[in-house]
Amino acid sequence: MIIDIPEGQEPIGYVWGDMVPGIGMAAANFSLSVYEHTTLGLREFEAARLRIARINGCLFCLDWRTERDGEKVEDQFADAVDQWRTTEAFDDRTRLAAEYAERYALDHHGLDEEFWTRMTAHYSQREIVELSMSIGSWLAFGRLNHVLGLDAVCVLPGH
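This structure is a prediction, so every number in the text was calculated from the model and none was measured. (Residues numbered from 1 in each chain as written. Predicted model: local features only at pLDDT ≥ 70, side-chain atom pairs only at ≥ 80, totals over all residues. Heavy atoms only, no water.)

### Here we look at the packing of aromatic side chains
- As enumerated under the stated definition, the model contains 12 aromatic pairs in all.
- Sitting above the plane of the Phe 45 ring, Arg 68 keeps its charged end 5.0 Å from the centroid.
- Over the ring of Tyr 123 we find Arg 93; its NZ or CZ atom is 4.1 Å from the centre of that ring. (Phe/Tyr/Trp six-rings, centres within 6.5 Å; stacked < 30°, edge-to-face > 60°. Lys NZ or Arg CZ within 6 Å of the ring centre and 35° of its normal.)

Right under this line is the structure:
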(Lines give C-alpha, C1' and ligand atoms only; values in the text may rest on other atoms or scores of the structure.)
Protein backbone atom coordinates (compact mmCIF):
# COMPACT_ATOMS: atom_id res chain seq x y z
CA MET A 1 0.00 0.00 0.00
CA ILE A 2 1.25 3.49 -0.87
CA ILE A 3 -0.49 5.34 1.97
CA ASP A 4 0.39 4.83 5.64
CA ILE A 5 -2.73 3.94 7.62
CA PRO A 6 -2.59 4.56 11.37
CA GLU A 7 -3.06 1.54 13.61
CA GLY A 8 -6.73 0.73 14.13
CA GLN A 9 -7.99 2.81 11.18
CA GLU A 10 -10.07 1.32 8.38
CA PRO A 11 -8.12 2.14 5.16
CA ILE A 12 -10.92 3.40 2.91
CA GLY A 13 -12.54 5.45 5.69
CA TYR A 14 -9.21 6.95 6.68
CA VAL A 15 -8.03 7.85 3.18
CA TRP A 16 -11.37 9.05 1.84
CA GLY A 17 -12.72 10.57 5.03
CA ASP A 18 -9.88 11.68 7.30
CA MET A 19 -7.08 12.56 4.87
CA VAL A 20 -9.10 14.64 2.41
CA PRO A 21 -12.54 15.12 3.96
CA GLY A 22 -13.66 17.90 1.62
CA ILE A 23 -12.89 15.85 -1.47
CA GLY A 24 -13.21 12.32 -0.11
CA MET A 25 -16.67 12.69 1.35
CA ALA A 26 -17.97 14.29 -1.85
CA ALA A 27 -16.41 11.45 -3.86
CA ALA A 28 -17.89 8.86 -1.49
CA ASN A 29 -21.34 10.45 -1.81
CA PHE A 30 -21.06 10.41 -5.61
CA SER A 31 -19.96 6.77 -5.54
CA LEU A 32 -22.84 5.80 -3.24
CA SER A 33 -25.38 7.70 -5.34
CA VAL A 34 -24.51 5.55 -8.36
CA TYR A 35 -25.79 2.52 -6.43
CA GLU A 36 -28.67 4.19 -4.59
CA HIS A 37 -30.24 6.10 -7.47
CA THR A 38 -29.64 3.96 -10.53
CA THR A 39 -32.54 3.17 -12.80
CA LEU A 40 -30.50 0.72 -14.88
CA GLY A 41 -31.24 -2.97 -14.77
CA LEU A 42 -29.00 -5.06 -12.52
CA ARG A 43 -27.45 -7.06 -15.38
CA GLU A 44 -26.40 -4.08 -17.49
CA PHE A 45 -25.26 -2.21 -14.36
CA GLU A 46 -23.09 -5.15 -13.25
CA ALA A 47 -21.78 -5.82 -16.77
CA ALA A 48 -20.42 -2.27 -17.01
CA ARG A 49 -19.19 -2.24 -13.41
CA LEU A 50 -17.38 -5.57 -13.68
CA ARG A 51 -15.81 -4.64 -17.02
CA ILE A 52 -14.34 -1.51 -15.39
CA ALA A 53 -13.25 -3.56 -12.36
CA ARG A 54 -11.32 -5.91 -14.64
CA ILE A 55 -9.74 -3.02 -16.57
CA ASN A 56 -8.77 -1.25 -13.33
CA GLY A 57 -7.58 -4.44 -11.67
CA CYS A 58 -9.32 -3.38 -8.46
CA LEU A 59 -9.44 -6.45 -6.22
CA PHE A 60 -12.26 -5.09 -4.05
CA CYS A 61 -14.33 -4.17 -7.12
CA LEU A 62 -13.80 -7.60 -8.68
CA ASP A 63 -15.07 -9.32 -5.52
CA TRP A 64 -18.07 -7.00 -5.05
CA ARG A 65 -21.51 -7.98 -6.38
CA THR A 66 -24.26 -5.40 -6.38
CA GLU A 67 -27.40 -6.60 -4.66
CA ARG A 68 -30.89 -5.26 -5.31
CA ASP A 69 -33.94 -6.43 -3.43
CA GLY A 70 -32.05 -9.53 -2.32
CA GLU A 71 -30.94 -10.43 -5.86
CA LYS A 72 -27.46 -10.58 -7.38
CA VAL A 73 -26.25 -11.70 -10.78
CA GLU A 74 -25.44 -15.39 -11.13
CA ASP A 75 -22.01 -16.71 -10.10
CA GLN A 76 -20.89 -17.18 -13.74
CA PHE A 77 -21.78 -13.60 -14.67
CA ALA A 78 -18.24 -12.24 -14.20
CA ASP A 79 -16.89 -14.85 -16.61
CA ALA A 80 -19.55 -13.84 -19.13
CA VAL A 81 -18.46 -10.20 -18.78
CA ASP A 82 -14.93 -11.24 -19.73
CA GLN A 83 -16.44 -12.82 -22.86
CA TRP A 84 -18.95 -10.04 -23.56
CA ARG A 85 -18.39 -10.15 -27.33
CA THR A 86 -19.36 -13.81 -27.70
CA THR A 87 -21.31 -14.92 -24.64
CA GLU A 88 -24.86 -16.12 -25.13
CA ALA A 89 -25.67 -15.11 -21.55
CA PHE A 90 -26.24 -11.45 -22.48
CA ASP A 91 -29.04 -9.62 -24.19
CA ASP A 92 -28.23 -6.60 -26.39
CA ARG A 93 -28.44 -4.06 -23.55
CA THR A 94 -26.10 -6.04 -21.29
CA ARG A 95 -23.61 -6.62 -24.09
CA LEU A 96 -23.67 -2.92 -24.99
CA ALA A 97 -23.12 -1.94 -21.36
CA ALA A 98 -19.96 -4.07 -21.21
CA GLU A 99 -18.78 -2.75 -24.57
CA TYR A 100 -19.45 0.86 -23.60
CA ALA A 101 -17.57 0.45 -20.31
CA GLU A 102 -14.56 -1.02 -22.11
CA ARG A 103 -14.50 1.61 -24.83
CA TYR A 104 -15.14 4.44 -22.35
CA ALA A 105 -12.10 3.31 -20.34
CA LEU A 106 -9.74 2.32 -23.15
CA ASP A 107 -10.80 4.11 -26.36
CA HIS A 108 -13.26 6.91 -25.69
CA HIS A 109 -12.05 8.73 -28.83
CA GLY A 110 -13.15 5.70 -30.84
CA LEU A 111 -16.82 5.92 -29.83
CA ASP A 112 -18.03 6.44 -33.36
CA GLU A 113 -21.37 7.00 -35.06
CA GLU A 114 -21.87 3.25 -35.60
CA PHE A 115 -21.53 2.62 -31.87
CA TRP A 116 -23.89 5.45 -30.94
CA THR A 117 -26.47 4.20 -33.43
CA ARG A 118 -26.45 0.82 -31.67
CA MET A 119 -26.41 2.41 -28.22
CA THR A 120 -29.32 4.78 -28.87
CA ALA A 121 -31.36 1.91 -30.31
CA HIS A 122 -31.27 0.23 -26.87
CA TYR A 123 -30.80 3.03 -24.32
CA SER A 124 -32.59 6.31 -23.78
CA GLN A 125 -30.54 9.50 -23.53
CA ARG A 126 -31.19 9.56 -19.79
CA GLU A 127 -29.92 6.00 -19.44
CA ILE A 128 -26.80 6.82 -21.48
CA VAL A 129 -26.00 9.75 -19.19
CA GLU A 130 -26.61 7.61 -16.10
CA LEU A 131 -24.43 4.79 -17.43
CA SER A 132 -21.71 7.29 -18.39
CA MET A 133 -21.66 8.80 -14.90
CA SER A 134 -21.63 5.36 -13.31
CA ILE A 135 -18.74 4.19 -15.49
CA GLY A 136 -16.86 7.40 -14.71
CA SER A 137 -17.31 6.81 -10.99
CA TRP A 138 -16.11 3.21 -11.17
CA LEU A 139 -13.19 4.09 -13.41
CA ALA A 140 -11.98 6.92 -11.17
CA PHE A 141 -12.55 5.43 -7.74
CA GLY A 142 -11.70 1.82 -8.50
CA ARG A 143 -8.49 2.98 -10.14
CA LEU A 144 -7.71 5.28 -7.22
CA ASN A 145 -8.17 2.43 -4.74
CA HIS A 146 -6.02 0.09 -6.83
CA VAL A 147 -3.23 2.60 -7.49
CA LEU A 148 -2.97 3.45 -3.78
CA GLY A 149 -3.18 -0.22 -2.80
CA LEU A 150 -6.38 0.23 -0.82
CA ASP A 151 -8.18 -2.51 -2.76
CA ALA A 152 -5.86 -5.15 -1.32
CA VAL A 153 -6.60 -4.25 2.32
CA CYS A 154 -10.33 -3.51 2.17
CA VAL A 155 -12.73 -6.16 3.32
CA LEU A 156 -16.15 -6.67 1.77
CA PRO A 157 -19.07 -6.37 4.17
CA GLY A 158 -19.96 -9.82 5.48
CA HIS A 159 -16.49 -11.33 4.78
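Structure's up, so let's keep going.
### What about the nonpolar core?
- With 30 residues, the main nonpolar core has Met 119, Tyr 123, Leu 131 and Ile 135 as its most contacted residues.
- Those elements giving two or more residues to this core turn out to be helix H3 (42–56), helix H5 (77–82), helix H6 (92–106), helix H7 (113–122) and helix H8 (125–147).
- Setting aside anything within four residues of it in sequence, one finds Tyr 123 in contact with Leu 40, Glu 44, Arg 93, Thr 94, Leu 96, Ala 97, Ile 128 and Leu 131. (Core = buried A, V, L, I, M, F, W, Y, C linked by side-chain atoms within 4.5 Å. Buried < 20%, exposed > 50% of the residue type's maximum accessible area, 1.4 Å probe, protein only. Helix = DSSP H or I, 4+ residues; strand = E, 2+ residues; numbered from the N terminus. Contact = heavy atoms within 4.5 Å.)

### Focus: H3
- With 15 residues, H3 extends 21 Å from end C-alpha to end C-alpha; this agrees with the ideal 21 Å at 1.5 Å per step.
- The element H3 is extensively covered by neighbouring structure, given that 12 of its 15 residues are classed as buried.
- For H3, the set of buried residues is Leu 42, Glu 44, Phe 45, Glu 46, Ala 47, Ala 48, Arg 49, Leu 50, Arg 51, Ile 52, Ala 53 and Asn 56.
- Where H3 is buried, its residues touch helix H2 (21–36), helix H4 (59–63), H5, H6 and H8.
- One or two positions beyond H3, positive phi appears at Gly 57, with a value near 75°. (Expected span 1.5 Å × (residues − 1).)

Geometry only, nothing functional implied.
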